[in-house]
Amino acid sequence: MRNKIFAYSVLALNVVAAWVSWWVLAGAIFGGMRHIWLYPILAFSFWGIVFTLSAIFVKNKRYIHAGFLASAVGYPVFFGLNLSLLGMLIAILMFVLTEIQVKREIARGLTINFYQLVSHTLKYFVTAICLVIAIAYYFSIAENSARPSATFLETKTLETEMDWGLKAASIFLPEDKKELANEITDNVTVDDFLSKNFVSPQIDEGAAAAKNIVPGGPTEATMLIGDATAVQIREEMLAKSKRDLSKQLGVNVIGERPMKEVLMSYIDKTERSFFEYSGSEKFYIPVILAFGLFLTARVLGTAVDIFLGLFILAIIKFLRAAGIIELSKEQKEAAVIEYSI
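Residues numbered from 1 in each chain as written. Predicted model: local features only at pLDDT ≥ 70, side-chain atom pairs only at ≥ 80, totals over all residues. Heavy atoms only, no water.

**Student:** Is there a simple way to explain the environment of H65 in this structure?
**Tutor:** Tracing the chain through its elements places H65 in helix 3 (residues 61-79). The class for H65 is partly exposed, based on a relative accessible area of 22%. Residues H65 and E99 lie 34 residues apart in sequence; the distance between their C-alpha atoms is 9.0 Å. Leave out the neighbours within four places in its chain, and H65 touches V96 and E99. (Helix = DSSP H or I, 4+ residues; strand = E, 2+ residues; numbered from the N terminus. Buried < 20%, exposed > 50% of the residue type's maximum accessible area, 1.4 Å probe, protein only. Contact = heavy atoms within 4.5 Å.)

Set out below in C-alpha cells:
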C-alpha cells in the first residue's frame, strides 16, 4: 500500500510541479517576475525531482504518460495557443523516450545503478526544458512584440553572459587588467570606473609634472591648483571622459549607471545595427536571442542538475531506508556469444 501511495503521489506532484513551472516561466518571460533566474530554477528543480522519481519508480506506462500529457496541458493555459506548442510537444516526446530508456536500463541490468539512472533522466529533462524555454521566448518576441516582456529577460540573459565572458577573459588578461574586469562585474558605476582608471591617473601625472616644473616643490604646485580648482578640474575631466565614451560607443552614458549596463547597451546596439543594415532584424535577432537563452539556461541547468542528482540520490536512499520503495531479486537468463577464439 505504501508503494502505491508513493507512486500516485509522485504522479500527482509531477503534474502540479509542471503547472507551477509553466506559471513561473510565463512570469519570467513576460516580465512579471523580479528574480529572473532564481524562481524558474527552483520550480523546474522541483519538477526535475518528481519527474525523475516517477520515471524510475512508476511502472504503468498509461499512468505516467497520461501524467506527462496532463503536465503539458498547463503550458497553453499560461502561454496561449501558438506555435511555441511545438517546443512543448518535442519536450513531451523527449520525456516519453527518456522514461522508456530508463525502464530498459532497469530491465536489462543485473544490478540497479541509481546514479546512472538519475544522471540519464536529469540530462534529458534539463535539455527538454531548456528547449521549451528558448522556443517560448522566441515566439514571445516574434509573435507578441506588443508585450513588454522580452526585453527584461533579454537584459538579464545578456547580463549573465557578460559576467561569464568577463570572468573567462580575466583568466587571460594581465594582472593590471584583471582588476578592470572585476570592477565591471561588481557593477561599478561609470563615474567611479572612469575616475579611478582614467581621471585620477591623469591628475596625478599633471601634479607630478607641476612639481618638476615649478620651483619650490609642493607648495607652489598646491598654490597653483588649489583644492577648489582640483575638484573643478576633476569634474570637467570626468564629464569630458563620459562625453568621449558616449561618442565612441554611440550610447547614452550616465555616471550613476553601472559600467556593465553601458557595455550591454553597446553590444545590443551593435547587434541590432548589423541586422537592421542587412534587413533581417525581425528574423535573426529573435533567433540569436533565443539561442543565447538556450545556452545560458543549459549551462545553468548543468550546474544545477549536478547538485540535484546528489539530492535525488539522497531521497532514494531515504525512501529505501523507510521501506517506501523496495528492491527485490529475480533470476534472469542472459544471452552470450559463442566465441571461436
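Following the structure, the description resumes.
**Student:** What should I look at first to understand the nonpolar core in this one?
**Tutor:** Grouped burial of nonpolar side chains is what soluble globular proteins tend to show. Ranked by internal contacts, the top residues of the largest apolar core, which has 33 residues, are W22, W47, F79, F95 and I129. Breaking this core down by element, the ones donating at least two residues are helix 1 (2-29), helix 2 (38-57), helix 3, helix 4 (85-108) and helix 5 (114-142). Element by element, the count of residues in this core is highest for helix 5, at 9 residues. Apart from the residues within four sequence positions on either side, F79 is in contact with W22, L25, A26, I29, F30 and A136. Counting residues in hydrophobic clusters, the runner-up holds 15 residues, among them F6, V10, L117 and L319. (Core = buried A, V, L, I, M, F, W, Y, C linked by side-chain atoms within 4.5 Å.)

**Student:** Teacher, can you tell me more about a nonpolar patch on the surface here?
**Tutor:** A contiguous nonpolar patch, built from V16, V20 and W23 and spanning about 300 Å² of accessible area, is present on the exposed surface. Mapped onto the elements of the fold, W23 is located in helix 1. (Patch = residues over 30% accessible without salt bridge, like charges linked within 9 Å, V, L, I, M, F, W, Y side chains within 5 Å. Areas by Shrake-Rupley, 256 points an atom, 1.4 Å probe, with all protein chains shown as cover. Salt bridge = Lys/Arg side-chain N within 4 Å of Asp/Glu carboxyl O.)

**Student:** Can you help me understand the pattern of salt bridges in this one?
**Tutor:** Where charged atoms from two side chains of opposite charge approach closely, those side chains can pair. Taken as a whole and assessed by the stated rule, the structure comprises 3 salt bridges. With its nearest N and O atoms 2.9 Å apart, the salt bridge here joins K103 to E99. Taken together, the residues K103 and E99, both in helix 4 and 4 residues apart, mark about one turn of the helix. For E99, a relative accessible area of 0% translates into the label buried. In the salt-bridge network here, residues are joined through shared partners; they are K61, E99 and K103.

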